[in-house]
Structures are given as C-alpha cells and as structure tokens.
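Here is how the chains run, residue by residue.
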Amino acid sequence: MRRRIRMYATAAGVVAVVIGGPALPASAAGPAPTAGDFNGDGYADLAVGVPDGAVGGKAKAGYVNIVWGGPKGIGAYGSIRVSQSTPEVPGSPEAGDRFGASVALVDLNGNGSAELLVGVPGEDITGLGKDVGMVLAVGGGRSAPGSGSVVLDGRSASAAYGLSVTAADLTGDGNKEIVIGGKDKVVARVAQGEDSMVATVVAAPMGGHAPVLATGDFTGDGAADLAVGYWTRTPFTQSHVRLWAWDAAEQAMANTWNTDNAGVSALAAGDFDGDGHDDLALGECREIADENIDDPCGPEELAKGGGIHVHYGDAAPGGFGHRQQTLNQDTTGVAGIAESGDHFGAALAVADVDRDGRDDLIAGAPGEAIRTRAGAGAATLLFGGPAGLLDASGEGRSIGFQQDTPHVPGIAEAGDAFGTALATGDYDHDGRPDLAVGSPGENAGSGGVWLLPRAGAAGASAFTPAKLRLPSPKSALAYGGHLGGR
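First, a word on what this report is: a plain description of the structure on this page. Remember, predicted model here, so these are calculated numbers, not experimental data.

A few words on the overall build of the chain. Per the secondary structure count, the chain includes 1 helix and 29 strands. Compactness check: the chain gives a C-alpha radius of gyration of 21 Å against a globular reference of 23 Å for 486 residues, within 12% of the reference. When its C-alpha atoms are laid out on the principal axes, the chain stretches across 55 × 55 × 45 Å. Here the chain holds 486 residues, and the buried ones make up 58% of them. Working note: accessible area of the chain is about 17,700 Å², and carbon and sulfur atoms make up 51% of it. In the chain, 32 side chains carry a positive charge and 58 a negative one; their mean positions are 7 Å apart.

Right, let's talk about the side chain of Gln402 for a bit. Locating Gln402 in the fold gives a position in the loop between β24 (398-401) and β25 (421-425). In this structure the side chain of Gln402 is engaged in a polar contact, spanning 2.6 Å, whose partner is the backbone nitrogen of Asp404. Setting aside its immediate chain neighbours within four residues, Gln402 contacts Ile370, Gly377, Ala378, Val408, Ala412 and Phe418.

Across the sheet, which stays open at both edges, the 4 strands sit in the order β21-β22-β23-β24 with antiparallel pairing between neighbours. Two strands lie at the open edges of the sheet, namely β21 (347-351) and β24, each paired on one side alone. Each strand of the sheet is rotated relative to its neighbour by a mean of 20 degrees, with strand direction disregarded. Across 4 bridges, strand β23 (residues 378-382) lies against β24 in antiparallel orientation. Across the sheet, residue Ala379 finds its bridge partner in β24, namely Phe401.

Taking burial as the measure, the 5 residues of strand β6 (residues 134-138) include 5 buried ones, the bulk of the element. Judged by which residues are buried, β6 turns out to be covered on both faces: Met134, Leu136 and Val138 on one side and Val135 and Ala137 on the other are all buried. Pairing geometry for strand β5 (residues 115-120) and β6, over 5 bridges, is antiparallel. Paired with Leu117 across the strands is Ala137, a residue of β6. Summarising the sheet, β6 and strand β7 (residues 148-153) pair through 5 bridges and their orientation is antiparallel.

The subject of this paragraph is the state of the cysteines. Under the counting rule described, the total for this entry stands at 1 disulfide. Each disulfide pairs two cysteine sulfurs, and for Cys285 the partner residue is Cys297, the sulfurs being separated by 1.9 Å. In this structure, the disulfide formed by Cys285 and Cys297 twists by about -65 degrees around the S-S bond and is classed as left-handed. Here Cys285 is found in strand β18 (residues 279-287), whereas its partner Cys297 is found in the loop between β18 and β19 (307-311), with 12 residues between them in sequence. Like Cys285, the residue Cys297 is buried in the burial classification.

A few words now on the nonpolar core. Within the largest apolar cluster, 21 residues are counted, with the highest numbers of intra-cluster contacts made by Leu46 and Tyr479. If you list the elements that add at least two residues to this core, you get β1 (46-50), β2 (63-67), β25 and β27 (449-452). With 3 residues, the top contributor of residues to this core is β1. Among residues more than four places away in sequence, those in contact with Leu46 are Asn65, Ile66, Val67, Ile74, Leu105, Ala423, Tyr427, Ala436, Val449, Phe463, Leu483 and Gly484.

To continue, consider the pattern of salt bridges. Applying the stated criterion across every chain, the model contains 10 salt bridges. Asp124 serves as the salt-bridge partner of Lys130, at 3.5 Å between the closest nitrogen and oxygen. Assessed through its relative accessible area of 57%, Lys130 is described here as exposed. Across the salt bridge formed by Asp430 and Arg454, the nearest N and O atoms sit 2.9 Å from each other. Here the residue Asp430 occupies a position in the loop between β25 and β26 (434-438), and Arg454 occupies one in the loop between β27 and β28 (461-463), the gap between them amounting to 24 residues. Overall, Asp430 belongs to the partly exposed group, its relative accessible area being 29%. What makes Arg454 partly exposed here is its relative accessible area of 41%. One network of salt bridges, with partners in common, ties together Arg371, Arg373 and Asp404.

We now examine the sheet that holds strand β13 (residues 225-232). Picture the strands of a sheet paired through backbone hydrogen bonds; they go either parallel or antiparallel. The sheet built from 4 strands is open, its strands ordered β12-β13-β14-β15 with antiparallel pairing. Strands with a single pairing partner mark the edges of an open sheet, and in this sheet they are β12 (212-216) and β15 (252-260). When the angles between neighbouring strand axes are averaged without regard to direction, this sheet yields 25 degrees. The sheet contact formed by strand β14 (residues 238-247) and β15 spans 8 bridges and is antiparallel. Counterpart to Ala245 in the pairing with β15 is Ala254.

Under the counting rule described, the total for this entry stands at 5 aromatic pairs. A centroid spacing of 6.4 Å and a plane angle of 25 degrees characterise the contact between Phe38 and Trp68, whose relative ring orientation is stacked. Of this pair, Phe38 sits in the segment before β1 while Trp68 sits in the loop between β2 and β3 (79-82), placing them 30 residues apart in sequence. Geometrically, the ring pair formed by Phe463 and Tyr479 is edge-to-face, given 6.4 Å between the ring centres and 75 degrees between the ring planes.

Take the environment of Met197 next. Within the element layout of this structure, Met197 appears in strand β11 (residues 195-203). For the pair Met197 and Glu177, spaced 20 residues apart in sequence, the C-alpha separation works out to 9.9 Å.

The rules behind the values
Each residue is numbered by its place in its chain's sequence as written, counting from 1. pLDDT decides what is reported in this predicted model: residues at 70 or higher carry local features, side-chain atom pairs at 80 or more are listed and counted, and totals for whole chains, interfaces and linings draw on all residues regardless. Hydrogens are left out, water is left out, and the side-chain values use all remaining heavy atoms of the structure. We count a stretch as a helix when DSSP gives it H or I for four or more residues in a row; a strand needs E for two or more, and each element gets its number in order from the N terminus. Every radius of gyration here is taken over C-alpha atoms, with the globule rule written as 2.2 Å times N^0.38, N being the number of residues. Between buried and exposed lies partly exposed: a residue is buried under 20% and exposed over 50% of the maximum accessible area for its type, with that area taken using a 1.4 Å probe on protein chains only. For the accessible areas, the method is Shrake-Rupley and the probe is 1.4 Å, while residue cover comes only from the protein chains on display. Note on charges: Lys and Arg go in the positive column, Asp and Glu in the negative column, and His and the chain ends are not counted at all. A charged residue contributes its charge at one atom only: NZ of Lys, CZ of Arg, CG of Asp or CD of Glu. Any pair of nitrogen or oxygen atoms within 3.5 Å is treated as a polar contact; in protein, a donor-acceptor pairing is required on top of that, and neighbouring residues in sequence qualify only through side-chain atoms on both sides. Whether two residues are in contact is decided by their heavy atoms: any pair within 4.5 Å suffices. Any two strands with at least two DSSP-identified bridges between them are counted as paired. In this analysis an axis means a line fitted to C-alpha atoms, helices contributing only their contacting stretch, and an angle means the value between N-to-C directions, from 0 to 180 degrees. Count a disulfide wherever a pair of cysteine sulfur atoms falls within 2.5 Å. Put simply, buried Ala, Val, Leu, Ile, Met, Phe, Trp, Tyr and Cys residues joined by side-chain atoms within 4.5 Å make one nonpolar core. Here a salt bridge means any side-chain nitrogen of Lys or Arg lying within 4 Å of a carboxyl oxygen belonging to Asp or Glu. Between the rings of Phe, Tyr and Trp (Trp by its six-membered ring), a pair exists once the centres lie within 6.5 Å; its type follows the angle of the planes, with under 30 degrees stacked, over 60 edge-to-face, and the other angles tilted.

In structure tokens, the structure reads:
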C-alpha cells in the first residue's frame, strides 16, 4: 500500500522555563523521534495558540504554549511560552498582533524534530499598514526554542496572513511547502532546492472568513494535494471546497476538483475505508444556496445540528469524490441527538485509533447542549470501516465524550465549548494515538485542554492555564481554542 501524506487544518519574550509538573525522568529520553516532537525527546508535544493572551502588557499580542509530552502524556511535564519577545523570534509583541491564531508542529527539514509554524494575522508592517499579517517558523529545542524566521508576510493592509497555516510535500520532491491563509488569499511557499517561490492558490474576496486548509493525496500520485474551504462575498455569498495539485510543467498549483455551495467549518483527510486512497471529510457542511440541486453536503435533513459529508478517494483517474457519505447526530450509531446550534463537525481530527488499518474521524461539537447546559460541548469518535464511516446499511459506529462522561474530568457547564479544537499525537509514545480536546469556554473563558489517552476516557486528564502557571490564568485567554499537533 502506498504511503499516505496528510496534514490537518487546521495552529517568545523571555521563554518561560518549563513550568508546572515534574521534570521528565532521564530514563524517558530514549524513544525514537515521533511526529509533532518539538524538543526531540521522542514524545509528541502539543502547541496551544493563545492569540488573546497579553505579552509585556500588550493586549492580544498573543503567544503559543508548547505543552511537553512524556510517559504520562501531555500536561504532566510543564510547558514553555513562545512569543515575539522570545529571543531570536522576529518582531516584537504589539497589541492586537494575535500571535498564535493558527499553529502547527511540522518537521520541515527532516531532522526528526518539529518546527513550530505560527500565524500572526494582526501584525502591522511599516509602509504597508495594519493587520498585514505573517507566518513565522520557530525551530525546536530541548530547553528553549531555536531560531525563528519569517516564512511570509502579507503585501497589503488587512491581508491578515496567518489566519490559517499548514504544510506538506506538495511537489513530491521531499521538501514541505508551507500554505498560508489570509482574509482574501491562500498562497503556498514552494521549495525550489535552496530557494523558494510563492504560488497563489486562491485570490478572492472572502469577506473576512479564514480559509480552511487540509492536505492529503487525493490524486493518488504520491504527493500531497491541498484542500481549501472558503467563502466569497461578491456579488453575493457563495462557498466553495476545492482541491489543488502541483503542476510541475506550469510551476503552479492547478485546480483539480470542485464542489461549490458547500460551506464548511473544518476539513480533514484520512483513509476511512482502508483502500489506500485518501478521503476528504467536510465538517459542519451546509448548503448555501437553495437552488443548488446537486446537494453538495448530502441530504438536507442531515445538516441539522451540523453534518459531516465525506468524499471518498478512488483508484480510477478522476474518480475522487464520486462515492459519498453523509452523517449527523441523528444517524444510527452516531452518539448524540442532532439539535440546532450543536455545530457538529466544527472541528475535525484523524487517527487510526483502533489500529485496524482504517482511519477514524473525531468530530467536535462545541455547541452541544448537555441536558440544560447550552454550549457545554462534546466530541465524537467515528470509527472507519470497510465501507468508510458508515457501513453498507448506512449505520455508524462511534463513542461520544463530554465532561459528564465517566472518567473524564470536570463537569459539563454552559458555555464550556468542549470540542472547539482537536489534535492527535502519540503524547506518551506507546504507539497509540491520543486525543487532545480544547474547551476555551472553561472557567469563565480562561479555557483548558483535555487529554484522552488512546482517544478514550480511561485515564483522561485535563490542564488549564492555572495548572501550567501561565500569566493571567483567570482572564479570558480562551485557552484550547487553537491546537496544533503533528
């Protein structure tokens, strides 16, 4: 079976030394490197973007909290903060920069340790204006971040580069390209040996919506392709999900597949049916124009509360997307009940949780009401199978999680928004993927992150800004709203 290539979309001053929790035992330093490992100790780490955090008294200058993995997973071994006041990170913290609005941990140079990609959409640049935005890459390190550099900044005021970011090998040459989303544009910085070029993917008036990014090998050629979900507002509101692949002859990204009038909040790629071909899940998919007769998000009734629409890969040339499935919380075998405002599928993550050779999909529903507690939030693990996320009879198999689930810490409260962001990684290096769930509304908007080892409730734990001794832990940091894993 060919190798699958996926990344998910999704996201300083004096570096705060390791804070909160015991030191990692020396005996734990030996495992081989793993995806999302920022400090090179063999354990996946988690990047938590905190764009609403203050730095040096500058409101919403923003920072990224790197939470270390270890034998007990994330949350037990402390963390560091990275911001524009960290030595060697370009720039300086300014009010409204929103450093950390998008984050990703990616091994860009193949040395076994991940670099941090971080979006700064509120960055002002002299001569260009306000909110030009940019994306930075920061090297990993055992005790402190390595050097940082500017990947790309916007070219005009309000470009807001860094609203979204991801990276993957789009050209098939072994180098990873960095894809950046702004207010009205998506661009890719394409590696060309020691040089690089900037290829425009989408240029359209998006009305301030951040484009949604994901990558997977949808064309079956061994190189990653780029999926983009975006909105346009001229002359009227439209929505699109489109795929692009690298065209070597044209030295540009070529549009290869489209579905229009499909509005999405999240995208994720995975091989849900185990046939060796990447599939694309559209999260919280809803049809925008009633006159569209093609049902871009599947049956309309399955959009209630948020629907997930899946286009499956195919070996035949041009076969991607012909086979489709749609589900929501009213689908048999899917945990929960579909209710307006659930936002089921607003966040997505992928991992082969049960190790059956088929990817599984985790869907966040941050608006889920738990009994009378509106917006408490939930996350649902949907298992892949021979026919995909649904079996031949149209039924799913799933497990639901929320803060009232046995063994999951905490109490489901109104406005917790559990499930707003999701990330997966082998945080304890046991060979099984773990799940991180963000709950930015926890503790009156201070926020928190829940760790579900092996994507299950057994042994679940949680960490908050207070536990990690972050600055202003009781303020509205919305911690957990932006997560970046492998």
